[in-house]
Amino acid sequence: MGVFQKAMKKKKKWKETTMSTGLMSTEKQTSLGAMELRQRAGVSRLHFNLGLSQSEPAQRRCHSRPMPGSAGSEPTQDGGPGGGSVFGGSNNCSRTEIPPFRLWRWCVSMATGLLMAALLALTQAWCVNAIHENLLWFSQLTEVEREISFRTECGLYYSYYKQMLQAPSIQEGLSELIHDNLTESKRTINLLQRMNIYQEVFLSVLYRLFPIQSYLEPIYFYIYTVFSLQAVYVIALYLTAWLLSGSWLAGTLTGVWYILNRVDTTRVEFTISLRENWSLPFLALQVAAITCYLRPHLTTLQQKVMVWLMYVTTFCFCLTWQFNQFILLVQALIIYTLDCVDFLTTAQVTTLYLVQVSGLLSVWLLQFCNSMILGSLVLSFIVSALFIRHCNTGLKTGGLLLRLGKVVLHSSLVLLLTFTINYLTKKALQLRSDEHIFKFIKSKFGLGPTRDFDASLYLCEEAFGVLPLDTLERLASTLLVYPYVLTLLLLSGVFVFSALQHLRMPVGGSSECREGALRPDVAYNLLHTLFFGLLAFSTMRMKYIWTGHMCALAAYGVCGMELWTLLLSAVRCNTKLLLRSTRYGVPLLIMACLYYKFWPKMIEELSELREFYDPDTVELMTWISTKTPKQAVFAGSMQLLAGIKLCTGRVLTNHPHYEDKDLRERTRQVYQVYARQAPEDVHDILLAAGADYVVLENSICYERRHRRGCRLRDLLDLANGHIMDGPGENDPDLVPSSHPRFCDAIKSDLDMYAAFFTRTFHNKTFHVYRLRKKRKKSTKSRPEASVPP
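**A short note on the overall build of the protein**
Along the backbone of the protein there are 36 helices and 5 strands. Sorting the 789 residues of the protein into buried and exposed places 56% on the buried side. For the protein, contacts bridging at least 24 residues in sequence account for 72% of all contacts bridging at least 6. In the form shown here, the protein has an accessible surface area of approximately 35,600 Å², with 63% of it arising from carbon and sulfur atoms.

**What about the packing of helix α4 (residues 100-136) against helix α11 (residues 248-260)?**
Axis separation between α4 and α11 bottoms out at 9 Å; the angle between their running directions is 5°. It follows from the interaxial angle that α4 and α11 lie roughly parallel. Along its contact with α4, which presents Ser109, Thr112, Gly113, Met116, Leu120, Thr123 and Gln124, the element α11 presents Trp248, Gly251, Thr252, Gly255, Val256, Tyr258 and Ile259. Residues that form the contact of α4 with α11 fall into these classes: 6 nonpolar, 8 polar and no charged.

**Observations regarding the packing of aromatic side chains**
Applying the stated criterion to the full structure yields 32 aromatic pairs. With a centroid separation of 5.5 Å and 45° between ring planes, the pair formed by tyrosine 220 and tyrosine 224 is classed as tilted. Within this pair, tyrosine 220 and its partner tyrosine 224 are both found in helix α10 (residues 218-245), separated by 4 residues, close to a single helical turn. In this structure tyrosine 224 comes out as partly exposed when scored by relative accessible area, which is 35%. Relative to phenylalanine 315, the ring of tyrosine 311 lies with its centre 6.3 Å away and its plane at 20°, an arrangement referred to as stacked. Here tyrosine 311 pairs with phenylalanine 315, and both are found in helix α14 (residues 300-320), just 4 residues apart, close to one helical turn. The structure contains a cluster of three or more aromatic residues connected by ring pairs, namely Phe150, Tyr158, Tyr161, Tyr222 and Trp278. It is arginine 146 that lies over the ring of phenylalanine 138; its NZ or CZ is 5.3 Å from the centre. Across from the ring centre of tyrosine 157, 3.8 Å away, lies the NZ or CZ of arginine 275, which sits over that ring.

**Concerning the state of the cysteines**
The final tally for this structure, using the stated rule, is 2 disulfides. One disulfide in the model links cysteine 460 with cysteine 710; its S-S distance is 2.1 Å. Linking cysteine 460 and cysteine 710, the disulfide has an S-S dihedral of approximately -75° and is accordingly described as left-handed. With a gap of 250 residues between them, cysteine 460 in the loop between α21 (453-459) and α22 (469-477) and cysteine 710 in the loop between α32 (698-701) and α33 (712-720) connect regions that are remote in the sequence. One exposure class covers both cysteine 460 and cysteine 710, and it is buried.

**Considerations on the sheet that holds strand β3 (residues 693-697)**
Taken in spatial order, the 5 strands line up as β2-β1-β3-β5-β4 in an open sheet, and their pairing is mixed. The open sheet terminates on both sides in strands that have one partner only, identified here as β2 (651-652) and β4 (757-762).

**Details of the pairing of strand β5 (residues 766-771)**
Along β5, 5 of the 6 residues are buried, which leaves the element largely enclosed by surrounding structure. In this sheet, β5 lies alongside β3 in antiparallel orientation, the contact comprising 5 bridges. Note on β5: the bridge partner recorded for leucine 696 is histidine 767. Sheet analysis places β4 next to β5, joined by 5 bridges and oriented antiparallel. Along β5, the bridge assignment pairs threonine 758 with arginine 770.

**Examining the pattern of salt bridges**
One pass over the structure, following the stated rule, counts 38 salt bridges. For aspartate 733, the salt bridge identified is with arginine 451, shortest N-O distance 2.7 Å. Taken together, the positions of aspartate 733 in the loop between α33 and α34 (742-745) and arginine 451 in the loop between α20 (435-444) and α21 put the pair 282 residues apart, joining distant regions of the chain. Among the ionic pairs, aspartate 725 bridges to arginine 741, the shortest N-O distance being 3.0 Å. Here arginine 741 lies in the loop between α33 and α34 and aspartate 725 lies in the loop between α33 and α34, a separation of 16 residues in the sequence. This pair shows no difference in class: aspartate 725 is buried, exactly as arginine 741 is.

**Regarding empty space enclosed by the protein**
For the structure shown, the criterion picks out 5 cavities of 30 Å³ or more. Space inside the largest cavity adds up to approximately 80 Å³. Per-class residue counts for the lining of the largest cavity are 7 nonpolar, 2 polar and no charged.

**Description of the confidence of the model for the protein**
Of the residues in the protein, 84% reach a pLDDT of 70 or more, and the chain-wide mean stands at 85. Here residues 1-96 is a poorly scored stretch, pLDDT under 50, and it has 175 contacts once near neighbours within four places are set aside; other chains count. For the stretch residues 777-789, pLDDT sits under 50, and the model shows 1 contact to residues farther than four places along the chain or on other chains.

**Digging into a nonpolar patch on the surface**
Taken together, Phe101, Trp104 and Val108 make up a surface patch of nonpolar side chains, about 350 Å² in accessible area. In this fold, phenylalanine 101 is placed in helix α4.

**Focus: the nonpolar core**
Counting residues in hydrophobic clusters, the biggest one holds 174 residues, and the most contacted among them are Tyr222 and Trp257. A per-element tally of this core places α10 first, with 17 residues. If sequence neighbours within four positions are ignored, tryptophan 257 has contacts with Thr478, Leu479, Leu480, Pro483, Cys551, Ala554, Ala555, Val558, Ile590 and Leu594.

**With respect to the side chain of glutamate 697**
As for its placement among the helices and strands, glutamate 697 is situated in strand β3. For glutamate 697, which is buried and forms no salt bridge, the nearest opposite charge comes from arginine 151, at a distance of 8.5 Å.

So, how was this worked out
Residues numbered from 1 in each chain as written. Predicted model: local features only at pLDDT ≥ 70, side-chain atom pairs only at ≥ 80, totals over all residues. Heavy atoms only, no water. Helix = DSSP H or I, 4+ residues; strand = E, 2+ residues; numbered from the N terminus. Buried < 20%, exposed > 50% of the residue type's maximum accessible area, 1.4 Å probe, protein only. Contact = heavy atoms within 4.5 Å. Areas by Shrake-Rupley, 256 points an atom, 1.4 Å probe, with all protein chains shown as cover. Axes fitted to C-alpha atoms, helices over the stretch in contact; angles between N-to-C directions. Parallel < 35°, antiparallel > 145°, perpendicular 65-115°, else oblique. Nonpolar A, V, L, I, M, F, W, Y, C, P; charged D, E, K, R; others polar. Phe/Tyr/Trp six-rings, centres within 6.5 Å; stacked < 30°, edge-to-face > 60°. Lys NZ or Arg CZ within 6 Å of the ring centre and 35° of its normal. Disulfide = S-S within 2.5 Å. Pairing = 2+ DSSP bridges. Salt bridge = Lys/Arg side-chain N within 4 Å of Asp/Glu carboxyl O. 1 Å grid on protein atoms, 1.4 Å probe; cavity = no way out; pocket = protein on both sides within 12 Å on 5 of 7 lines; lining within 4 Å. Points joined across faces, edges and corners; volume = space filled by probe spheres on them. pLDDT = per-residue confidence, 0-100. Patch = residues over 30% accessible without salt bridge, like charges linked within 9 Å, V, L, I, M, F, W, Y side chains within 5 Å. Core = buried A, V, L, I, M, F, W, Y, C linked by side-chain atoms within 4.5 Å. Lys, Arg positive; Asp, Glu negative; His and termini not counted.

Structure follows, in structure tokens:
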């Protein structure tokens, strides 16, 4: 009753003031009085306003964020009101309310922010290009040396760009990709369906159409495009931080952190063609678009623009990376979590899900109905989540405990239906392309066999291990970890509090009661960094998705008004002057420290000159190009064969793009050249794959890079049930092999090996053998051999 009486007194006072000034009608007075009563009884008991504009009356009058300089607004670094960014605002208020000086200041601030974004983006692109040039002395390399520098699968992807440019026409180049018989011997495959190489096709078409052939080599056009995407990446992170904090100073700090932590934010300078270097900039743009879409008070037109931007960026992300489905699955889980705790409206949840589905299905069509997309977990999850949500209409009713129980039951039903749909879809499509990924996940967490060859190939690579602690040490040295952790802890606490408040409310609870809670765009970015942070800690290769967004969230914590308001209120020093001084002074101080500490190191790194040197591989590629038939088929390691495909155009037995069950089985068979096998068995395997030549590498045969149990020859021994080389324990079920290791024994030139293989090339690193064709047995000898003694 005390709260009610206070609210009624406040209501009376409001009415008297309004009548005396003649500004409001009686209906508006009653509405505002009731609104204030709800605020007093609801979440407004909090003494902080996380993520809200400080000009609520103006927002209610205009039904949107007021323009900078309007009454009651607090101009910020970007000119937006009370920490709100202009990107999320609508301009329903009349421009006549804006003083010319404030409008001019807003324009200057906006121009400054955009200029800083462009400068940081160009700096990142220039830095990675300079480092790439300095590491390899790329401009002085021969053509074959430049192509060899595209290591492992990077060389395979770049080879299709080269193949498209060498084709007589665009149409013939596309036809060769659709009916390719060079990538896998004795098979004709559709490369546009199997691989994500539309970016290579697109670039080759652009290079043909643009009048740049006379002064820009094809390889430079390719690498400059990839480095330009790094500029796009920085701009996307910049905008995300700006949108969250309302200050372009946060975007500047984000860009600085991203550039200084280059070792942990990107590896583009030495893995140019890697699919993630194409896709992650589009993912960052998608996150920026989602952040803007979830901001309050967008007009209908702005919402439609954001939905289209989300679709386009999702489509580009999915088109350029074969692992898109797993990233989108994590994103779908984030949306689902926000939906369960009422941070998003039904329309927002449905829109975000449909954007993901539309992007995936568009790629499915472009990839000639690639069954791996239809069998993805993310599609099964979205269908299940929407279906269960539609059927379970009473999910958001009841008290706190009842709703928590409903969320658990609802989630169980969604997961059960997800796995059921996914299992039935894969059975119907006979899909086994991605099973090696699930084998890897099971083995990584001890849920599957540890001797599986495909899973072990991933488990033994450092990139697929847990995140090393030195990563956090490097991030801490740039002052990134400390504000990130503090921001994460504070936001997580507010998120849990807000979620509980939401779950206590009835399903039709008014939005005014939730205005003290975490903003939806902030909540999304919080869960984004949490989910992908966990993914990065479990698998180091995924850290490149996390560290970039980590920079944006930390900058939001440093430059945003809300967290400083919370901290200063906790120590009872929350004055307007101190808040503004802290909010702008701390990021400037951080950037000054970073400049003092890292500018000399950065200049030294950019001036360090190295040189590409791999004469053995150059000699091998030159020999293959000049001494073997153009249709010759080569067998060997996946990494080396990708380079052979790029440098010589010869036919391969296997390659690094591992998303095909038949290819994985063939690769395991070809790798028997490094196992303990009889020469006739190896010969039969290679002939079955259509090989004419086999290339053996000393670096694999006598490998010392990996520990015992993770060397390729050890993986093959375990898969074959043989005891591993060297001192150490072996499982009791393993037995000694009756044959020596093939890659080593063949160099002895014994008759039993010379009968099947002829050495045609060798140097310190490589040994190439031509396969002898089998002699056909005479018809007389066959029945004699079959007669029992």
